[in-house]
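Analysis of the macromolecular model
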Amino acid sequence: MQNEFGFQSGYEQVNGIKMYYQIHGAGDVPLVLVHGGGSTIETTFGNILPFFTQTRKVIAVDLQAHGRTGDREAGVSFEQDADDVAGLLKNLNFEKADFLGFSNGGSTVLQIASRHPHLVRKLVTVAATWKRAGLISGFFEFMETATLDNMPLPLQSAYLEVAENKEGLQVMHDKDRDRMRAFQDWPEEILTNLDVPALIISGNQDVITIDHAVETAKLIPRAELLILPGIHGACIGEICAARPGSRMPEFTAAAIGEFLDK
């Protein structure tokens, strides 16, 4: 049943947490949206989602400890996030989907394709990483000293607006920070063994280096590469990078749509 905003939303018990989801639009194979670290559905995809829903069904999720979704005692990991998304789709009776992930969400959808290949028809990542050298100089040094005060205020406000437990903001920040502090390179085989069409997107001034995006696209056998102008998240209109009046989200949505439809 649709809510007052014109889309279906709800919760499912998945791997011990109460996981929030939204379903927009209509179509056969859904596009699953996986947000970035410290984010919600709205902060990552609010400016690009309407372009997708014109032509396809979209499922958007809040990951563990983020937004409206519950938490577990364990920290967050890309592998667990992948299993949670896969579990949600199973609960909702979807056997196949396309996946779009941004930043940490991009790394998560790579893990979905690796750990749950039967679920994936096509894969799109925006600013995803799988090894430490793929991030710009100084990133991990910043993570060692990161505090909640460093977290962008739009992300903090968005969390507080929707979360049931407002004290979870600090927990979410610390879990995302600690995930990146402990991050270790993945084996290249995770990428070389992927047997799905993939579109690898990154900005030319991203926190992910262009060389890393190129390497990712070279390692995935059926991958294509798209480098777009702008900083981290600008191409999809992520809340901290969106420019008023920019048509980049529409352009990016069109490019992704053409990839998914061919």
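Rules used throughout
- Residues numbered from 1 in each chain as written.
- Predicted model: local features only at pLDDT ≥ 70, side-chain atom pairs only at ≥ 80, totals over all residues.
- Heavy atoms only, no water.
- Pairing = 2+ DSSP bridges.
- Helix = DSSP H or I, 4+ residues; strand = E, 2+ residues; numbered from the N terminus.
- Axes fitted to C-alpha atoms, helices over the stretch in contact; angles between N-to-C directions.
- Contact = heavy atoms within 4.5 Å.
- Disulfide = S-S within 2.5 Å.
- Buried < 20%, exposed > 50% of the residue type's maximum accessible area, 1.4 Å probe, protein only.
- Right-handed = clockwise from strand over helix to strand, strands pointing away.
- Salt bridge = Lys/Arg side-chain N within 4 Å of Asp/Glu carboxyl O.
- Core = buried A, V, L, I, M, F, W, Y, C linked by side-chain atoms within 4.5 Å.
- Phe/Tyr/Trp six-rings, centres within 6.5 Å; stacked < 30°, edge-to-face > 60°.
- Lys NZ or Arg CZ within 6 Å of the ring centre and 35° of its normal.

1. Description of the sheet that holds strand 1 (residues 8–14)
Within a sheet, each strand pairs with its neighbour through backbone hydrogen bonds, oriented either parallel or antiparallel. What the 8 strands build is an open sheet, ordered 1-2-4-3-5-6-7-8; its pairing is mixed. Bordering the open sheet on either side are strand 1 and strand 8 (223–231), each of which pairs with just one other strand. With strand direction ignored, the average angle separating the axes of adjacent strands in the sheet is 20°. Here strand 1 runs beside strand 2 (residues 17–24); their pairing, made up of 7 bridges, is antiparallel. Within the sheet, the bridge partner assigned to G10 lies in strand 2 and is Y21. Contacts from helix 9 (residues 210–219) reach strand 7 (198–205) and strand 8, with the element oriented near 165° to strand 8. The strands touched by helix 10 (residues 248–261) are strand 3 (31–34), strand 5 (97–102), strand 6 (120–126), strand 7 and strand 8; relative to strand 6, the strand with the most contacts, the crossing angle is about 155°.

2. Considerations on the state of the cysteines
Under the criterion given, the structure shown has 0 disulfides. The thiol of C235 is not disulfide-bonded; the next cysteine sulfur, from C240, is found 14 Å away. Given the relative accessible area of 4%, C235 is considered buried.

3. Considering the environment of I200
Its location among the elements puts I200 in strand 7. With relative accessibility at 4%, the residue I200 sits in the buried group. For the pair I200 and V124, spaced 76 residues apart in sequence, the C-alpha separation works out to 6.0 Å. When residues no more than four places from it in sequence are discounted, the contact partners of I200 are T125, A213, T216, A217, I220, A223, E224, L225 and L226.

4. Considerations on the pairing of strand 6
For strand 6, the tally of buried residues reaches 6 of 7 residues, placing the bulk of the element in the interior. The pairing of strand 5 with strand 6 spans 5 bridges and is classified as parallel. The partner of F99 across the bridge, within strand 6, is L123. Handedness of the crossover is the feature at issue here: the chain leaves strand 5, passes through helix 4 (residues 104–115), returns alongside strand 6, and the resulting connection is right-handed. Here strand 6 runs beside strand 7; their pairing, made up of 4 bridges, is parallel. Paired with V124 across the bridge in strand 7 is L199.

5. Some remarks on the pattern of salt bridges
This model, assessed by the stated rule, comprises 17 salt bridges. The closest approach of N and O atoms between R179 and D81, which form a salt bridge, is 3.0 Å. Of the two residues, R179 is situated in helix 7 (residues 168–181) and D81 in helix 3 (residues 78–91); the sequence distance between them amounts to 98 residues. For R179, a relative accessible area of 8% gives the class buried. D174 serves as the salt-bridge partner of R177, at 3.6 Å between the closest nitrogen and oxygen. In this pair, R177 and D174 are both assigned in helix 7, 3 residues apart and thus about one turn of the helix distant.

6. Some words on the nonpolar core
Among the nonpolar cores identified, the biggest contains 72 residues, and L33, F52, F99, L100 and L123 are the most heavily contacted of them. In terms of nonpolar packing, the next biggest core, distinct from the first, is built from 7 residues, L148, Y159, L169 and M172 among them.

7. Let's talk about the packing of aromatic side chains
Counted under the stated rule, the structure contains 5 aromatic pairs. Centre to centre, the rings of F78 and W186 are 6.1 Å apart; their planes meet at 70°, and the pair counts as edge-to-face. One end of the pair, F78, is in helix 3; the other, W186, is in the loop between helix 7 and helix 8 (189–192), and 108 residues separate them in sequence. Here F78 and W186 have matching classes, each one buried. Three or more aromatic residues joined by ring pairs make a cluster, and in this case those are F78, F183 and W186. Its guanidinium or amino end placed over the ring of Y11, K18 lies 4.5 Å from that ring's centre, counting from NZ or CZ. Directly above the ring of F140 sits R132, whose terminal nitrogen or CZ lies 3.8 Å from the centroid.

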